[in-house]
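Structure at a glance
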Amino acid sequence: MPTMDDILEHIGEFDFFQKQTFFLLALLSAAFTPIYVGIVFLGFTPDHRCLSPGVAELSRRCSWSLAEELNYTVPGPGAMGEAFPRQCRGYEVDWNRSALSCVDPLAGLATNRSHLPLGPCRHGWVYDTHGSSIVTEFNLVCANSWMLDLFQSTVNAGFFIGAVGIGYLADRFGRKLCLLVTILINAASGVLMAVSPNYTWVLIFRLIQGLVSKAGWLIGYILITEFVGLSYRRTVGVVYQVAFTAGLLALAGVAYVLPHWRWLQLTATLPNICFLLYYWCIPESPRWLISQNKSAKAMGVIKYIAKKNGKSLPASLQSLRPEEEVDEKLKPSFLDLVRTPQIRKHTLILMYNWFTSSVLYQGLIMHMGLAGSNIYLDFFYSALVEFPAALIIILTIDRIGRRFPWAASNLLAGAACLASVFIPEDLRWLRVTVACLGRMGITMAYEMVCLVNAELYPTFIRNLGVLVCSSMCDIGGIITPFLVYRLTNIWHELPLVVFAVVGLVAGGLVLLLPETKGKALPETIDEAENMQRPRKNKEKMIYLQVKKLDIPLN
């Protein structure tokens, strides 16, 4: 029987319908950016100091400049290893005393300021920013700084739970239904988060966004992969992720224009409301319908695609059945991901590579950000590096294949991290260059794992396989802040050593996977198990049969 790829050769592999659907789903990809990395702006922590009402009055009376006020009233840097005492502690002094002079108000209290007692910030903090974030509004600094870590960990925990749960539902009940439900919940929770009265409600609605947003992004990826033909599959997969990079650039611009976190959150959520219109624009995946023995509905979608593309469907292709004749529709199971030896090997290697991509991708951004100056420009420039990564993939993936560029990108990222450890601090330009190469390498690896993951699983567990494996990147997202900030306290370059080891191991494991270049998407477990064996005879037989049946119709 002809496969879906055979049918797409007749009705269009990437014509008007696929281009329209790809554009719509690319918008969905770009809109996922504020949820995945929005913490950079929503949780921005500006420089801050203790709020002392008496200091403000004394500053007005003495006509101090801001620099003079900070010099006279704020503690200096603490001893080695003491973190930011001037941000979390203040002098235990009654600043309302009339005897305090304007020249050096603390000189009459102690000959050496270091002898003055320090205490916690009892009246809150003053933040040096013209905007706002959840940090400045809810005072998530000093003793409460862990609450910002919890905010980000909650999002990644939502990614993890949602990827597994909704991945199963998408394979069980269909891609379109689950996509629309995730969009609706994402839009509602995003708006509610923007108007939340306190930190607890912000955390709850952010968790809900995490539960549905990444799953929706990956369902969109699966949909467009299943709609296009074999020769266009890798291109749309890469460009779908380039849309995410475009979202990074847009997010930097929107955050610069809207420096207040509530307005930024609301603006970033609004596109999701428009995405509900996709109910009338995007049909269900015909591959999924075929795998569920819903041949009549699948044929209806195929005829719709042919009509939109201005093509006619040959009569010989108007009878569909799955390649495996079964009495009941195939139901996805988590055990299908580990039951057979080859798929089990694929699952374990893919899970590790998802984990590695997340740790290195987010970790390199955090590590470089420790020395950053302008948050908007740093974010913008780091996003630009991702475009050459996508271009390299597009230019090499069909000439060389998937496996070797993927392995090389992991090895490049690992080697760049290791090289950065030995580059002196005074060679700033070289450190930045090597860091950019590492960011480019891990970006390529991230995009490659998305592409290859979908190509290694049969149709009825493809969505489940992608979402379960990709859930490991959420585990990586949960622990990455601890890897970066805790290990940096021990030795500034120690996180880079860890990243190097993890990346180099990932590059070696990739070489154990089969090459998927030029191969049709597997439809059954047997096809996925035998991907390293050529299927040329079967493909030629199907092709000749179709040609033979088409000749009398012409």
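The rules behind these values
Residues numbered from 1 in each chain as written. Predicted model: local features only at pLDDT ≥ 70, side-chain atom pairs only at ≥ 80, totals over all residues. Heavy atoms only, no water. Helix = DSSP H or I, 4+ residues; strand = E, 2+ residues; numbered from the N terminus. Contact = heavy atoms within 4.5 Å. Areas by Shrake-Rupley, 256 points an atom, 1.4 Å probe, with all protein chains shown as cover. Axes fitted to C-alpha atoms, helices over the stretch in contact; angles between N-to-C directions. Parallel < 35°, antiparallel > 145°, perpendicular 65-115°, else oblique. Left-handed = near helix turned anticlockwise from the far one by under 90°. Nonpolar A, V, L, I, M, F, W, Y, C, P; charged D, E, K, R; others polar. Patch = residues over 30% accessible without salt bridge, like charges linked within 9 Å, V, L, I, M, F, W, Y side chains within 5 Å. Salt bridge = Lys/Arg side-chain N within 4 Å of Asp/Glu carboxyl O. Buried < 20%, exposed > 50% of the residue type's maximum accessible area, 1.4 Å probe, protein only. Disulfide = S-S within 2.5 Å. Expected span 1.5 Å × (residues − 1). pLDDT = per-residue confidence, 0-100.

1. Concerning the overall build of the protein chain
Looking only at helices and strands, the protein chain features 24 helices and four strands. In the protein chain, once contacts between residues fewer than 6 apart in sequence are set aside, the share between residues at least 24 apart is 82%. When the accessible surface of the protein chain is totalled, it reaches about 24400 Å², and 66% of it is carbon and sulfur.

2. Notes on the packing of helix α2 (residues 16–31) against helix α12 (residues 233–257)
At a closest axis distance of 7 Å, the pairing of α2 and α12 adopts a crossing angle of 45°. When the interaxial angle is binned, α2 and α12 end up oblique. In the packing of α2 onto α12, the handedness of the crossing is right-handed. Where α2 abuts α12, its residues Phe22, Leu25, Ala26, Leu28, Ser29 and Ala30 lie against Val236, Val239, Tyr240, Ala243, Phe244 and Gly247. Of the residues belonging to the contact of α2 with α12, the class tally is ten nonpolar, two polar and no charged.

3. What about a nonpolar patch on the surface?
On the surface, Leu169, Phe173, Leu177, Val181, Leu184 and Ile185 cluster together into a nonpolar patch covering about 520 Å² of accessible area. Those elements giving two or more residues to the nonpolar patch turn out to be α9 (146–173) and α10 (175–194). With four residues, α10 is the single largest residue contributor to the nonpolar patch. In this structure, Val181 sits in helix α10. The exposure class assigned to Val181 is partly exposed, which follows from its relative accessible area of 40%.

4. Section: the environment of Ala445
With respect to the helices, strands and loops of the structure, Ala445 is situated in helix α20 (residues 428–455). The class for Ala445 is buried, based on a relative accessible area of 0%. C-alpha separation for the pair Ala445 and Ser409, spaced 36 residues apart in sequence, amounts to 5.6 Å. In contact with Ala445, other than residues within four places in its own chain, are Ser357, Trp406, Ser409 and Asn410.

5. Brief notes about the state of the cysteines
A covalent bond between the sulfur atoms of two cysteines is what we call a disulfide. Overall, the coordinates contain two disulfides when judged by the stated rule. Here Cys50 connects covalently by a disulfide to Cys121, the sulfurs 1.8 Å from one another. On the sign convention where negative is left-handed, the bridge of Cys50 and Cys121, at about -60° about the S-S bond, is left-handed. Highlighted residues: Cys50 in strand β1 (residues 48–50) and Cys121 in the loop between β3 (118–120) and β4 (125–127), separated in sequence by 71 residues. By the burial criterion, Cys50 is buried, and Cys121 matches it.

6. Digging into α20
Between the first and last C-alpha of α20 there are 41 Å, a value that for 28 residues agrees with the 40 Å anticipated at 1.5 Å per step. Extensive coverage of α20 is indicated by the burial of 20 of its 28 residues.

7. Focus on helix α1 (residues 4–11)
Taken across its eight residues, α1 has six buried, putting it largely inside the fold. Along α1, the residues classified as buried are Met4, Asp5, Asp6, Ile7, Leu8 and Ile11. At the exit of α1 stands Gly12, carrying a positive phi of roughly 115°.

8. A word on the pattern of salt bridges
Side-chain pairs of opposite charge can arise whenever the charged atoms involved come near each other. As enumerated under the stated definition, the model contains seven salt bridges in all. Where Lys311 meets Asp15, a salt bridge forms, and the shortest distance between an N and an O atom there is 2.9 Å. Placement of Lys311 in the loop between α15 (295–308) and α16 (341–369) and of Asp15 in the loop between α1 and α2 is noted, with a sequence separation of 296 residues between them. Judged by its relative accessible area of 37%, Lys311 is partly exposed. We classify Asp15 as partly exposed; its relative accessible area is 24%. Here Glu386 and Arg439 are joined by a salt bridge, their closest N and O atoms 2.6 Å apart. One end of the pair, Glu386, is in helix α18 (residues 386–396); the other, Arg439, is in helix α20, with 53 residues separating them in the sequence. As far as burial versus exposure is concerned, Glu386 and Arg439 are alike and both buried.

9. A short note on the confidence of the model for the protein chain
Of all residues in the protein chain, 86% have pLDDT values of 70 or greater, and the mean over the chain is 80. Confidence drops under pLDDT 50 across residues 79–83; counting only partners more than four residues distant or on other chains, this segment forms one contact.

10. A few points about the packing of helix α17 (residues 375–384) against α18
Two elements in contact, α17 and α18, have axes separated by 4 Å at closest approach and are oriented at 10°. Compared by their axis directions, α17 and α18 come out roughly parallel. Between α17 and α18, the contacting residues are Ser382, Ala383 and Leu384 on the first element and Glu386, Phe387 and Pro388 on the second. Residue composition of the contact of α17 with α18, by class: four nonpolar, one polar and one charged.

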